[in-house]
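In case you want the letters, here they are:
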Amino acid sequence: MIPQMLSATGMLLLCARYAITHESKPTRLSQAIAFLHREYKPSFYLWEVMELLRRFFLVGLFQYYPNPGSLAQIVSATLLCVIYLFMQLQAAPFKSITDDYLAKVCSFFLVCLFACCTLFRLLETLEQRQIRDLLNERDRRDMDLKFLPEVCLA
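Reading the values: the criteria
- Residues numbered from 1 in each chain as written.
- Predicted model: local features only at pLDDT ≥ 70, side-chain atom pairs only at ≥ 80, totals over all residues.
- Heavy atoms only, no water.
- Core = buried A, V, L, I, M, F, W, Y, C linked by side-chain atoms within 4.5 Å.
- Buried < 20%, exposed > 50% of the residue type's maximum accessible area, 1.4 Å probe, protein only.
- Contact = heavy atoms within 4.5 Å.
- Helix = DSSP H or I, 4+ residues; strand = E, 2+ residues; numbered from the N terminus.
- Expected span 1.5 Å × (residues − 1).
- Patch = residues over 30% accessible without salt bridge, like charges linked within 9 Å, V, L, I, M, F, W, Y side chains within 5 Å.
- Areas by Shrake-Rupley, 256 points an atom, 1.4 Å probe, with all protein chains shown as cover.
- Salt bridge = Lys/Arg side-chain N within 4 Å of Asp/Glu carboxyl O.

S.K.: Quick question: what am I supposed to make of the nonpolar core here?
M.R.: Generally speaking, a soluble globular protein has its nonpolar side chains buried in company with each other. Membership of the largest hydrophobic core is limited to 9 residues, which are Leu6, Leu13, Ala16, Ile20, Ile33, Leu36, Tyr45, Val49 and Leu52. Leaving out residues up to four positions away in the same chain, Tyr45 has contacts with Leu13, Leu14, Arg17, Ile20, Thr21, Leu36 and His37.

S.K.: Would you take a moment to explain helix H5 (residues 47-60) for this structure?
M.R.: Because an α-helix packs 3.6 residues into every turn, residues spaced three or four apart end up facing the same way. An ideal rise of 1.5 Å per residue puts 20 Å on 14 residues; H5 measures up with 19 Å between its terminal C-alpha atoms. Among all positions in H5, only Trp47, Glu48, Val49, Glu51, Leu52 and Arg54 are buried.

S.K.: Would you explain a nonpolar patch on the surface in this entry?
M.R.: On the surface, a nonpolar cluster with roughly 250 Å² of combined accessible area is contributed by Met11, Leu14 and Leu46. Tracing the sequence through the fold places Leu46 in the loop between helix H4 (34-37) and H5. A relative accessible area of 31% means that Leu46 is categorised as partly exposed.

S.K.: It is not clear to me how the pattern of salt bridges should be interpreted in this structure. Could you clarify?
M.R.: Pairs can form between side chains of opposite charge whenever their charged atoms are close. All told, the structure shown has 4 salt bridges when counted by the stated rule. The shortest N-O distance in the salt bridge between Glu51 and Arg54 comes to 2.4 Å. Of this pair, Glu51 and Arg54 both sit in helix H5, 3 residues apart, which is roughly one turn of the helix. By the burial criterion, Glu51 is buried, and Arg54 matches it. One salt-bridge network, in which partners are shared between bridges, spans Glu51, Arg54 and Arg55.

This is how it looks when you write it as structure tokens:
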């Protein structure tokens, strides 16, 4: 469903690109699909496709990782969110500065969420007995997680 929506959105926007980028000459097609591009600056009319790609990767593609919930899966999602946030900070695609700030803040908090998930997954891995047995005494003391509440370690 998502790949078809992604390709259909991209094709519609590309077909109407001249009318979108030259706002003084709208066509019936560009007016009909205005909900896809009216919030963005004319030069970023394809940003909705970027947004759909991010959703496709985070919700669709990453669920097919060989080990669901693995550290590699969480780190991959974190990296994707960081790259998207960086592109969003550089592009500032929205016409409204308020929308731009809101989108940047939401992307930043998504990065924070995945970073916390990465940290919790890493802490869970370090608490496994097989891993702790590989550490020397000093490293075991450094990795002592008794300062965390029991809720975080459960």
